[in-house]
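Structural overview
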Amino acid sequence: MRTKGGPLREQSVEIPAPGALLAGTLTRPGGDGRHPAALLINGSGPIDRDSAMRGMALGLGRALAVVLANHGFALLRYDKRGVGASGGDYLNTGFHDECGDAAAALAALRAHPAVDPERVFVIGHSTGAVLAANLVRAAPPPAGYVLLAGAAQPGERVMAWQSDRIATTLPPLLRPFGSVLARRQARERDRLRASTADGHDRMPRSRLTDRWLREYMAHDPGPDLATIDQPVLAITGSKDIQVDPADVARIGSLVTGPFDGEVPTDLTHLLRRDPGPPGLWRYRGQLTRPVHAWVPERIAAWARARIAP
């Protein structure tokens, strides 16, 4: 594939993280010189560099890489610890470990000879957006932040909102069971809060451990967001049932840098537009379509205006 500057270039990148060597791909435009760049941080679960895990191929990584390269940006995306070509054990990875892995990936991207280290921004999706905001603690912090379906509230509150929203958007025949589902998940959060074990949770498809969930539940992204004084783009779709769309405004009230916030009509947590009713049960159909083209194009346009100059 070609970009406006010539053939698109891709190369493998090794990321030395604490206790594991992570593997990623750097996609960049044709042509020589140092490019502005982005780091992609995916959401929860054993997700690879192309934003896929068993049962869910989100496809965000590749879509972003091509569009950003066409606009003159490099993109680093990586396999999570214990996933794909990365070393380590995913099931022994906590939320705090993922924060460290994201910081290691940011450092590796900045050190790459094809990257301008002063024009590196981060793109996080879902819990990856929470990890992206945490990179404000890096030295130096990123030049900008794109928070896709990013939360502005503590993890436990996000999970409670998500449980209630999923219950109320069940298909009509299953809706009477929504309150049962919400109570069961509330009891599970109580168990996790009181636990100290690192056993494995049984949430479908996620393969999240008790340790990861406990650490995430206790994490409040508010202080990180309040520390950010660089440009921020926050996008959460109006039909997101996993993160409250109202958190876009909350993020805007916390950050002190230039802020752009959007709640696109019909956009879901999977970054697809769906004119139908919101609901977890509609995910399978949404995944038969690619990420909506507006998403990577909007990110690229924002990055050209806020990061590239």
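Residues numbered from 1 in each chain as written. Predicted model: local features only at pLDDT ≥ 70, side-chain atom pairs only at ≥ 80, totals over all residues. Heavy atoms only, no water.

Next up on the list: the sheet that holds strand E9 (residues 115–125). By definition, the strands of a sheet pair up through backbone hydrogen bonds, in either a parallel or an antiparallel sense. Spatial ordering of the open sheet is given by E3-E4-E8-E5-E9-E10-E11-E12, a layout of eight strands whose pairing is mixed. Each edge of the open sheet is held by one strand with a lone partner, namely strand E3 (9–17) and strand E12 (259–262). Geometrically, the sheet is characterised by an average inter-axis angle of 20° between neighbouring strands, direction not taken into account. In the sheet, strand E11 (residues 232–235) pairs with E12 via four bridges, with the strands oriented parallel. The residue bridging Ala234 from the neighbouring strand is Gly261, located in E12. In this fold helix H1 (residues 60–70) packs onto E3, strand E4 (20–28), strand E5 (35–41), strand E8 (74–78), E9 and strand E10 (145–148), with an angle of close to 165° to the strand it touches most, E8. (Pairing = 2+ DSSP bridges. Helix = DSSP H or I, 4+ residues; strand = E, 2+ residues; numbered from the N terminus. Axes fitted to C-alpha atoms, helices over the stretch in contact; angles between N-to-C directions. Contact = heavy atoms within 4.5 Å.)

As a general feature of sheets, a regular strand has side chains that alternate between the two faces. With eight of nine residues buried, E4 lies mostly within the body of the structure. In this structure, E3 lies alongside E4, joined through nine bridges in antiparallel fashion. The residue of E4 that forms the bridge with Ala17 is Ala20. Between the end of E3 and the start of E4, which pair antiparallel, lie two residues, with Gly19 showing a positive phi angle near 80°. For E4 and E8, the ladder comprises four bridges, and the chain directions are antiparallel. Bridge pairing in E8 places Thr25 opposite Arg77. (Buried < 20%, exposed > 50% of the residue type's maximum accessible area, 1.4 Å probe, protein only.)

On to the pattern of salt bridges, then. Following the criterion strictly, the structure yields 19 salt bridges and no others. The salt bridge partner of Glu10 is Arg77, with a shortest N-O separation of 3.7 Å. With a gap of 67 residues between them, Glu10 in strand E3 and Arg77 in strand E8 connect regions that are remote in the sequence. Of the residues examined, Glu10 reaches a relative accessible area of 40% and is grouped as partly exposed. Among the salt bridges present, the one from Asp247 reaches Arg250, with a minimum N-O distance of 2.3 Å. One end of the pair, Asp247, and the other, Arg250, are both in helix H8 (residues 247–254), three residues apart, so they sit about a helical turn from each other. When salt bridges that share partners are traced, they join Glu10, Asp50, Arg62 and Arg77 into one network. (Salt bridge = Lys/Arg side-chain N within 4 Å of Asp/Glu carboxyl O.)

With that settled, the discussion passes to helix H4 (residues 155–168). For H4, which comprises 14 residues, the first-to-last C-alpha distance of 20 Å matches the rise-based estimate of 20 Å (1.5 Å per residue) to within 8%. Taken together, the buried positions of H4 are Gly155, Val158, Met159, Ser163, Ile166 and Ala167. Projected onto a plane normal to the axis of H4, the buried residues spread over an arc of 160° and lie on a single side. (Expected span 1.5 Å × (residues − 1). Arc of directions from axis to C-beta.)

Right, let's talk about the nonpolar core for a bit. Grouped together as the largest cluster of nonpolar side chains are 52 residues, with contacts concentrated most on Ile15 and Leu39. The element contributing the most residues to this core is helix H2 (residues 95–111), with eight residues. (Core = buried A, V, L, I, M, F, W, Y, C linked by side-chain atoms within 4.5 Å.)

In this section: the packing of H2 against helix H6 (residues 210–218). Viewed as axis vectors pointing N to C, H2 and H6 meet at an angle of 80°, and their least axial separation amounts to 7 Å. Compared by their axis directions, H2 and H6 come out roughly perpendicular. Where H2 abuts H6, its residues Phe95, His96, Asp97 and Glu98 lie against Arg211, Trp212, Glu215 and Tyr216. Grouping the amino acids of the contact of H2 with H6 by side-chain chemistry returns three nonpolar, one polar and four charged. (Parallel < 35°, antiparallel > 145°, perpendicular 65-115°, else oblique. Nonpolar A, V, L, I, M, F, W, Y, C, P; charged D, E, K, R; others polar.)

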